[in-house]
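Architecture at a glance
Residues per chain, in single letters:
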Amino acid sequence: MVLEASDKFATRAIHAGAHVDVHGSVIEPISLSTTFKQSAPAQPLGEYEYSRSQNPNRKNLEDAIASLENGKHGLAFSSGSAATAVILQSLPQGSHAVSIGDVYGGTHRYFTKVANAHGVDVSFTNNLIKDLPSLVKSNTKLLWIESPTNPTLQITDIALVNKTAKGLNKDILVVVDNTFLSPYLSNPLDLGVDIVVHSATKYINGHSDVVLGVLATNDTEIYQKLQFLQNAIGAIPSPFDAWLAHRGLKTLHLRVRQAAITATKIAEFLRSSDRVVAVNYPGLDSHPNHDVVLRQHRDGLGGGMVSFRIKGGAESAAKFSSSTRLFTLAESLGGIESLLEVPAIMTHGAIPEDQREASGVYDDLIRLSVGIEDTEDLLEDVKQALQTVKA
Ligand SMILES: Cc1ncc(COP(=O)(O)O)c(C=O)c1O
């Protein structure tokens with residue numbers, strides 16, 4: 001299938017990287033072979049030699065990711081964390097990086113406990129626009145953005161931050177972790193950034209059965225450097241996982257749109273409830289950065305993640321989260337099934353109380369990952385669980 005430049009997202013989701021094999025299989029087979037025949041020494045029969053370096057299923061997935069992120073090149077890794085590690089590993093010793101403060105906990109751990117071991121120092125701020133001029137130095141090589149942040153769903157104006165950072169130091173590589181939105185809702189490469197990265201474990205695979213990471217870029221030099229490290233470090237996904245993630249992303253547009261529609265209804269209900277202290281949802285017009293959401297997200301959709309503070313503190317948060325019928329109490333997000341968690345004692349439990357409260361992660365905060373079950377059923381589930389706590 002030859003895609004045309006005018007093909008829309010859903011067409012690319014189904015057909016990008018979906019090559020027909022010699023048998024005419026409509027769905028590509030899983031290629032488990034670790035090595036590929038050569039006709040003479042150093043003369044492979046086709047494009048592949050050894051499966052760590054490249055594999056047909058990984059290549060298909062990488063091509064699909066590049067297409068969905070409007071990038072020239074895609075790369076896949078054994079996890080989102082491995083993709084992050086490879087990007088950090090590509091920086092020269094003695095580099096400095098700036099990161100948004102509310103970055104994913106595992107990324108924060110890599111920045112502060114691993115990257116520093118090879119001489120990369122990272123500064124954090126929750127106000128990039130205000131603090132960039134004082135944080136960016138001559139050796140600042142990387143800026144790391146996550147938008148929306150986790151779990152308070154703050155939004156960054158990516159185009160503005162990218163322009164500001166590059167105005168201060170033209171060598172800065174700007175990276176956006178787009179896990180929470182998926183390529184369906186936002187394409188950061190279109191906003192000028194250099195690399196977009198995902199934990200494909202979440203929306204891209206979408207079925208909570210694969211751990212995998214991907215990135216995309218338009219810059220061939222960056223791609224070659226990261227591809228070299230992908231092979232040299234060897235943190236690659238198995239052909240089966242690459243095949244599953246590729247299958248998963250074919251329905252990304254349907255899943256993400258449906259999750260966003262339901263999440264909007266739930267967020268609106270929560271906003272009107274007297275048992276709720278505050279709601280964080282980028283799709284609400286009351287969100288502090290809603291104007292950026294309207295510019296930056298497809299159709300101004302807020303995504304499938306909602307967080308809210310419940311009345312009655314940690315006790316109510318525990319009661320609510322063990323009273324839902326359809327929302328399963330578990331970490332992670334972005335799957336077809338709805339999940340919920342209490343960040344202060346689950347995903348963000350390792351962060352000291354004063355630091356997490358400064359980022360809005362109070363004991364009473366509940367995070368919902370809205371799945372694609374029926375909208376009314378999910379709304380009813382939230383309503384009945386809220387009835388179990390005191391008004
Ligand atoms: C925003 C974000 N980035 C990166 C990661 C790491 O991805 P993985 O768990 O696939 O290593 C996660 C995992 O939760 C995440 O939420």
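In this text the structure is predicted, and so the values were computed from the model without any measurement.

What about the site of the ligand?
Contacts to the ligand come from Ser 79, Gly 80, Ser 81, Tyr 104, Glu 146, Asp 177, Thr 179, Phe 180, Ser 199, Thr 201, Lys 202 and Leu 212. Contacts to the ligand include Lys 202, whose side-chain N or O atom sits 2.7 Å from an oxygen atom. Looking at the shell around the ligand, its residues break down into three nonpolar, six polar and three charged.

Regarding the sheet that holds strand S8 (residues 195-199)
If you walk across this open sheet you meet the seven strands as S3-S9-S8-S7-S6-S4-S5, and the pairing is mixed. Two strands in the sheet have a free side with no partner beyond their single neighbour: strand S3 (73-77) and strand S5 (121-125). Taken over all neighbouring pairs, the strand axes of this sheet differ in orientation by 20 degrees on average, direction set aside. As paired elements, strand S4 (residues 96-100) and S5 share five bridges and run parallel to each other.

As for the side chain of Ser 99
The topology assignment puts Ser 99 in strand S4. Taking relative accessible area as the criterion, Ser 99 reaches 0% and is therefore assigned buried. Setting aside residues up to four positions removed in sequence, Ser 99 forms contacts with Phe 111, Val 122, Ser 123, Phe 124, Thr 125 and Trp 144.

Some thoughts on the domain arrangement of the protein chain
Segmentation of the protein chain into domains returns domain 1 (9-249) and domain 2 (253-387). For domain 1 versus domain 2, the distance between C-alpha centres works out to 26 Å. The interface is formed by 34 residues belonging to domain 1 together with 34 residues belonging to domain 2. Here domain 1 and domain 2 share an interface that buries about 2900 Å² over both sides, 57% of which is from carbon and sulfur atoms. When the buried surface of domain 1 facing domain 2 is broken down by residue, Tyr 184, Leu 185 and Tyr 203 rank first, second and third, together holding 26% of it. Counting every contact that joins domain 1 to domain 2 gives one salt bridge. Of the charged contacts in the structure, one is a salt bridge between Arg 295 and Asp 157, with a shortest N-O distance of 2.6 Å. Counting the contacts that link domain 1 with domain 2 gives 17 residue pairs in polar contact (both at pLDDT 80 or more). Broken down by secondary-structure element, the contributors of at least two residues to the side of domain 1 that touches domain 2 are helix H1 (9-15), helix H6 (158-168), helix H7 (182-185) and helix H9 (239-249).

Here's the deal with the UniProt feature "modified residue: N6-(pyridoxal phosphate)lysine" (unreviewed entry) in the protein chain
With numbering aligned to this structure, UniProt lists the feature "modified residue: N6-(pyridoxal phosphate)lysine" (unreviewed entry) at Lys 202. Sequence-distant contacts of Lys 202, defined by excluding residues within four places in its chain, comprise Thr 179, Ser 332, Leu 333 and Gly 334.

Examining helix H4 (residues 105-113)
Among the residues of H4, Gly 106, Thr 107, Tyr 110 and Phe 111 are the ones counted as buried. Seen end-on, H4 carries its buried residues on one side only, within an arc spanning 140 degrees. Exposed side chains of H4 directed beyond 90 degrees from the buried face belong to Arg 109 and Lys 113. If you follow the buried residues of H4, they end up packed against helix H3 (80-89), S4, S5 and strand S6 (140-146).

Some thoughts on helix H14 (residues 375-387)
End to end, H14 covers 19 Å across 13 residues, agreeing with the expected 18 Å (1.5 Å per residue, within 8%). Along H14, the positions that sit buried rather than exposed are Thr 375, Leu 378, Leu 379, Asp 381, Val 382, Ala 385 and Leu 386. Considered in projection along H14, the buried side chains sweep an arc of 155 degrees and stay on one side of the axis. Against the buried residues of H14 lie helix H10 (252-272), strand S10 (276-280), strand S11 (305-310) and helix H12 (313-321). Of the residues that open H14, the one with a side-chain oxygen 2.9 Å from the backbone nitrogen of Glu 376 is Asp 374.

What counts and what doesn't
Residues numbered from 1 in each chain as written. Predicted model: local features only at pLDDT ≥ 70, side-chain atom pairs only at ≥ 80, totals over all residues. Heavy atoms only, no water. Near = heavy atom within 4 Å. Polar contact = N/O pair within 3.5 Å; in protein donor to acceptor, adjacent residues only side chain to side chain. Nonpolar A, V, L, I, M, F, W, Y, C, P; charged D, E, K, R; others polar. Pairing = 2+ DSSP bridges. Helix = DSSP H or I, 4+ residues; strand = E, 2+ residues; numbered from the N terminus. Axes fitted to C-alpha atoms, helices over the stretch in contact; angles between N-to-C directions. Buried < 20%, exposed > 50% of the residue type's maximum accessible area, 1.4 Å probe, protein only. Contact = heavy atoms within 4.5 Å. Domains from an automatic or database assignment. Buried area = accessible area lost by both parts, 1.4 Å probe. Salt bridge = Lys/Arg side-chain N within 4 Å of Asp/Glu carboxyl O. UniProt positions renumbered as here; feature names shortened; annotations may be inferred. Arc of directions from axis to C-beta. Expected span 1.5 Å × (residues − 1).

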